[in-house]
Structures are given as structure tokens and as C-alpha cells.
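Topology and contacts: notes
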Amino acid sequence: IPVDAFDLVIFGGTGDLARRKILPGLYRRFWAGQMPDEARIIGAARTDQDVAAFRTMVAEAIAEFVSERKRDADCIKRFLDCIDYVTLDARGEAGWKELKSKCRANTVQAFYFSVGPGLFGDIAERLRSFKIARQDARIVVEKPFGRDLATAKELNRELSANFDESQIYRIDHYLGKETVQNLMAVRFGNVLFEPLWNAQYVDHVQITVAETVGVGGRGAYYDKSGAMRDMVQNHLMQLLCLTAMEPPAKFDPDAVRDEKLKVIRALDPVEADDIVRGQYREGAEPGYLQDVENPDSRTESFIALKCHISNWRWKGTPFYLRTGKRMAARMSEIVVHFKPTPHSIFGEEAGTKANVLSIRLQPDEGIDLSVTIKEPGPGGMRLMDVPLDMSFAEALGEEAADMPDAYERLIMDVMRGNQTLFMRGDEVEAAWAWTDPLIEAWTRRGSKPCSYAQGSTGPEEAMMLMHKDRRRWRELE
Ligand code: NAD
């Protein structure tokens, strides 16, 4: 179903994110018939160029980032007709009147802040003072949303000085993934899981976001941030919330976000012994310290931690989170390990198995449940695990190949005015309020990250974090 006609202004329209994700994503929605010909996408950035030059840039981005099957010449031409450009200085006066003249009165109006957070306040203020943004305008902001509670509060203050919370869409692209929404469908659309979704039946939960890449060209930025700020505070925290939250009464934005917020507020502080930080060392590729050109850096490129949620549902079930760069595989998953049966009627020799539900986000999205059956053959009653696999690619065939990526889906949600998959201001602040003391504690102690080999599963110490609880991390594959 196509969305209504819209004007989407992309501040930072010439930047890396716009080129790689936003513009190709919009094109794919146009190709799929979801973005109407009447829509306008207006790039707004400092680069002094005309519309033709910006359209050329957009055409190049499509050529580079959209699969050949979707690149049909007529469709590209019609899409480029929707593209406009304004040279504009977020901190000055130039370009704003021109931008105003391009915005129409009777369309959905959205402003995507694809610029560093240092410019959020300037842009928000000018959108209001130049009377560009209407009362019902939608504001989309990117991560990082602050680097601690104080800066996140300041960003929220700058935005809320000019816009209502119901207008603000804070992007966490993990929430746009098909499987993340499927996690909610599995939990709340089946009777099978929810009765078991608690500390009585769940032994522990593992959430992993492993990357094979290093910090690449983002070294200087990353070194000021680290895995805790860059990944845990936002992406892993969101996945944890969706896994652990109570069933909302309705699938509506505030009902879902209220429940997520309660999870964050119920998180206990993490003990120092339950956090392992790591840095990848030199190997086939340069090590972290070379990548960030800072031989004394104590910033982590890997983190593993164990946390507890103090509420009736989860008391006693640990949640283990880990994320890192230059690891053995690119893999994101949420894995719910159920407890073994309370008593085995088959005796010890049959072996004890427990159900495992894994929700894969990367590389191929899908849900997999391991169930216990009898080993085939006449060898007596021995138990084994078999997967009940629901890989979307197989189950949905053609449709899976056409599944929109996270950015596309989220941008269309903005156009529909649906905030369910966007973070609310109080959620972001609560996540920082939990994160800040952990970072402060290790900074105060001056603790150094442990070293780990490139292409590994992280430092030995992260294995020990599990082993001391008689558990193991899932294989990275
Ligand atoms: P970038 O440096 O490639 O692009 C920045 C854009 O902002 C350019 O279009 C530039 O012209 C514009 N700009 C800068 N100063 C301006 C000013 N004073 N007035 C008007 N325009 C100005 O950055 P990026 O990688 O596209 O990232 C944009 C934001 O998105 C950042 O906050 C980044 O952290 C975030 N982000 C980026 C990615 C990514 O994959 N690149 C992913 C997640 C979040």
C-alpha cells in the first residue's frame, strides 16, 4: 500500500549515510510502488551544488547500492524527478528561505537529521524560526543520541524546545529488522511461548552482535565511544527490552515503549566482575591501537556482560550480552535457553537436553527452535536435538528476497506516522542512566581492556564469564 505524498528533507543529504542507506532505501520503496510519484525528497547540505549534480549523486548511489534487478531505467528517471536540493548551512542563515519555498502545504512533512548530533539543536531551531516545520512535521534523528545521560538530556531538551515528543522519531535500525518484529509476533501471537517466558522456565538469554570488520575509517570517532556506547546502550539494549518486556495491551507506540522502559528501569547495576572488555590485537590486519592511532587507548572494541532484571518475571535469569569487532563471524542473534526438564524419565544415559529458541538477525534472518527427540535407530532411548527451522528465505521464498531493509521500513513508518519502532526520549535517557555508572566505574579504576585475537570469539576472560556460571556462549557461525 503506497504511503501518502510527502516532502522529506534530508539534512546531510550528501553524506555517507544518505548515500549508502537512506537514498537507495527510498528508491527501493519507489520501485516497489510504495513511494508515490508525488513525493519529494529534498537533499539539504553544505555542499554547494545544483539539483542536477545532486541527482547525479543519487543515481550513482542507486547504481552502487541497489541490486540490478531493481534498477530499471524508467523507474530511476521517475525517482530522480522527485529529487530536489538546497545548499544550506545548518549553523547560518544561508539556504533556509529557499528550503521554505520548496516545502508544500498539503503533504506529509518529514525532516531527517542525517548529520552529527552537534547540529540537531541548530537545525531544530531554524526549522521553527524560519517557520518551515509545521505542527505535524516529523523529525527523524540518527544515533549517536548523546554520549552519556547529560548529553542525551541536552539533545532531548534541544528537540523538545521546538517539537513535541509525538513528532520525534529516534532511529535504531535494529528495530527495523523483520526478525525483531517477528520476535514480538512469536511471543505475543502464539500460546506456546509466553507461558514459559520467565525465570521458572528460562535458564538464561544470550544476545550477541558480532562483527568481522574493525573500526575502519571511523577510528577517531570510535575511540571516543567504544562498544558500550556504540552498541550496547542502544542496539543490544533494545533487543534486550523486546525480549524481556511484559506483553503490552496493544501494539501501539506508547504501549510498547512503556513496557520497554520498565525493563530498562528494572535492570540491576552490573558488578565489575561481570563485565569483560576487549581490544583486538594486531594480526592479519592492524590492531585496534593502530586503527585508532592511539597507542594508549583504553577504549573497548569488545564487551561481554551479565545483567539481571529485577522483576517477578526475570529474577534469577541472567541475560548475557556481547558485541565486538574483528570477531570470527558476522552474526547477530537473541538466544533463549530454556531449562532442562525437571526430571528425566529416560535415565542419565539418555542425556539431558534443553530447548533453545534462537532469533537470528544477521546474516540471514530467521527463527529456530531446537526440540528434543529420540535418536533414530534401535540403539535404545537416547535423546538428541533437532532444529525446527523457520528461515524466512525458505518459508517465504520470493517474498523474502523483496523484504525491505531496516532503513526502508523505518522511513515508511515515519511517513505513516507510526512511532512503535522508534525510541522515545525517556527510554534513551534510562538506557544512559544504566550505562553511565558502568563506564564511570571502569574509567575510575583505569582498567585496561583484555587483548583478543582477530577472527576469534573475543578474549579468554569472556569465556570465563560464562564458564564460571557453567554455561557456554553459542558458537559464532
Ligand atoms: P558524513 O560526514 O558523511 O555527512 C555529513 C553530512 O552533513 C554531509 O552531507 C554534510 O554536507 C552535512 N553537513 C555537515 N555540516 C553541515 C552544516 N553546518 N550545514 C549543513 N550541512 C552540514 O556523515 P554520515 O556518515 O552520513 O553520518 C551522519 C549522521 O548519521 C552522524 O550523526 C552519524 O553518526 C550517523 N550515522 C551514520 C551511519 C553511517 O553508516 N554512515 C550509521 C549510523 C549513524
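Up top is the structure.
Let me begin by describing the structure that accompanies this report. All of these numbers come straight from a predicted model, not from anything done at the bench. (Residues numbered from 1 in each chain as written. Predicted model: local features only at pLDDT ≥ 70, side-chain atom pairs only at ≥ 80, totals over all residues. Heavy atoms only, no water.)

The next point concerns the environment of Ser 301. In this structure, Ser 301 sits in the loop between α11 (288-291) and β9 (302-307). For Ser 301 and Gly 214, which are 87 residues apart along the polypeptide, the C-alpha to C-alpha distance reads 8.4 Å. Setting aside chain neighbours within four positions, we find Ser 301 in contact with Tyr 222, Ala 227, Gly 278, Gln 279, Tyr 280, Tyr 288, Thr 323, Gly 324, Lys 325 and Tyr 452. (Helix = DSSP H or I, 4+ residues; strand = E, 2+ residues; numbered from the N terminus. Contact = heavy atoms within 4.5 Å.)

Taken together, 20 residues lie near the ligand, and Thr 14, Asp 16, Leu 17, Arg 20 and Ala 90 sit nearest. Residue Asp 89 places a side-chain N or O atom 3.2 Å away from a nitrogen atom belonging to the ligand. A distance of 3.0 Å is found between an oxygen atom of the ligand and a backbone nitrogen or oxygen belonging to Val 115. Coverage of the ligand by the protein amounts to 73% of the 830 Å² it exposes when considered alone. Of all the elements, helix α1 (residues 16-31) adds the most residues to the shell around the ligand, at three residues. Among the residues making up the shell around the ligand, the classes are represented as eight nonpolar, six polar and six charged. (Near = heavy atom within 4 Å. Polar contact = N/O pair within 3.5 Å; in protein donor to acceptor, adjacent residues only side chain to side chain. Areas by Shrake-Rupley, 256 points an atom, 1.4 Å probe, with all protein chains shown as cover. Nonpolar A, V, L, I, M, F, W, Y, C, P; charged D, E, K, R; others polar.)

All right, on to the side chain of Gln 233 then. Considering the arrangement of structural elements, one finds Gln 233 in helix α9 (residues 226-244). Aside from chain neighbours lying at most four places away, what touches Gln 233 is Met 228, Val 428, Ala 431, Trp 432 and Thr 435.

This brings us to the packing of aromatic side chains. Summed over the entire model, instances satisfying the criterion amount to 16 aromatic pairs. For the pair Phe 54 and Tyr 85, a centre-to-centre distance of 4.9 Å together with 40° between the ring planes defines the contact as tilted. Taken together, the positions of Phe 54 in helix α2 (residues 51-65) and Tyr 85 in strand β3 (residues 83-87) put the pair 31 residues apart, joining distant regions of the chain. Phe 54 gets classed as buried once you look at its relative accessible area, which sits at 0%. A residue is classified by how much of its surface remains accessible, and Tyr 85, at 3% relative accessible area, is buried. On the numbers, 6.0 Å between centres and 75° between planes, the contact of Tyr 320 with Trp 473 is edge-to-face. A residue pair is termed long-range when its members are at least 10 positions apart, and Tyr 320 in strand β10 (residues 319-324) and Trp 473 in the segment after α16 (460-467) qualify at 153 residues. Neither Tyr 320 nor Trp 473 differs from the other in exposure class; each is buried. Pairwise contacts between aromatic rings join Phe 11, Trp 96, Phe 111, Phe 113, Phe 120 and Phe 130 into one cluster. Taking NZ or CZ as reference, Lys 177 lies 5.7 Å from the ring centre of Tyr 174, over its face. (Phe/Tyr/Trp six-rings, centres within 6.5 Å; stacked < 30°, edge-to-face > 60°. Buried < 20%, exposed > 50% of the residue type's maximum accessible area, 1.4 Å probe, protein only. Lys NZ or Arg CZ within 6 Å of the ring centre and 35° of its normal.)

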